[in-house]
Amino acid sequence: MDERRDPQPDSGTSPPEPAASTLPTAQQAHLDYSGHIEGAGRVRGCQRCSDVDRDRCAEGDRLWQAWNTALNDAYDRLTEETR
């Protein structure tokens, strides 16, 4: 079955531009934390944090705490909406 197709826009009109957006806080916090551990491009990640047998460094611990706080806040917002 064919899906509905919108008619082509009139010539001279341009498609709407997507709004500039940012990642939700929890996703950004996860990217920050995983970027610290894994690194990016040619930059190696934190060797201490990437070793499961060692504790996190101070920066890694701060990023991990920020990620968990963001997850808890997101969960709280979600459960408030469902009440």
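For the structure itself, consult the block above.
The paragraphs below set out a description of the structure included in this document. For clarity, every value in this text was computed on a predicted model and none was experimentally measured. (Residues numbered from 1 in each chain as written. Predicted model: local features only at pLDDT ≥ 70, side-chain atom pairs only at ≥ 80, totals over all residues. Heavy atoms only, no water.)

Overview of the pattern of salt bridges
Moving on, step 1. Enumeration according to the criterion identifies two salt bridges in this entry.
Moving on, step 2. Residue Arg-56 is joined to Asp-61 by a salt bridge in which the shortest nitrogen-to-oxygen separation is 3.6 Å.
Moving on, step 3. With relative accessibility at 32%, the residue Asp-61 sits in the partly exposed group.
Moving on, step 4. With its nearest N and O atoms 2.8 Å apart, the salt bridge here joins Arg-62 to Glu-59. Highlighted residues: Arg-62 and Glu-59, both in helix H3 (residues 58-81), separated by three residues, approximately one helical turn.
Moving on, step 5. In this structure Arg-62 comes out as partly exposed when scored by relative accessible area, which is 48%. (Salt bridge = Lys/Arg side-chain N within 4 Å of Asp/Glu carboxyl O. Buried < 20%, exposed > 50% of the residue type's maximum accessible area, 1.4 Å probe, protein only. Helix = DSSP H or I, 4+ residues; strand = E, 2+ residues; numbered from the N terminus.)

Some details on the state of the cysteines
Moving on, step 1. All chains considered together, the criterion is met by zero disulfides.
Moving on, step 2. You can see Cys-46 has no disulfide; the closest cysteine sulfur is in Cys-49, sitting 3.6 Å from it.
Moving on, step 3. By relative accessible area, which is 17% here, Cys-46 ends up buried.
Moving on, step 4. There is no disulfide at Cys-57, and the cysteine sulfur nearest it, in Cys-49, is 3.6 Å away.
Moving on, step 5. When its relative accessible area of 13% is taken as the criterion, Cys-57 is described as buried. (Disulfide = S-S within 2.5 Å.)

Looking at the packing of helix H1 (residues 25-38) against H3
Moving on, step 1. Packing of H1 against H3 brings their axes to within 8 Å, and their N-to-C directions diverge by 160°. For the element pair H1 / H3, the angle class is roughly antiparallel. Seen from above, H1 lies across H3 with left-handed handedness. Between H1 and H3, the residues in contact are Thr-25, Ala-26, Ala-29, His-30, Asp-32, Tyr-33 and His-36 and Glu-59, Gly-60, Leu-63, Trp-64, Ala-66, Trp-67, Ala-70 and Leu-71, respectively. (Axes fitted to C-alpha atoms, helices over the stretch in contact; angles between N-to-C directions. Parallel < 35°, antiparallel > 145°, perpendicular 65-115°, else oblique. Left-handed = near helix turned anticlockwise from the far one by under 90°. Contact = heavy atoms within 4.5 Å.)

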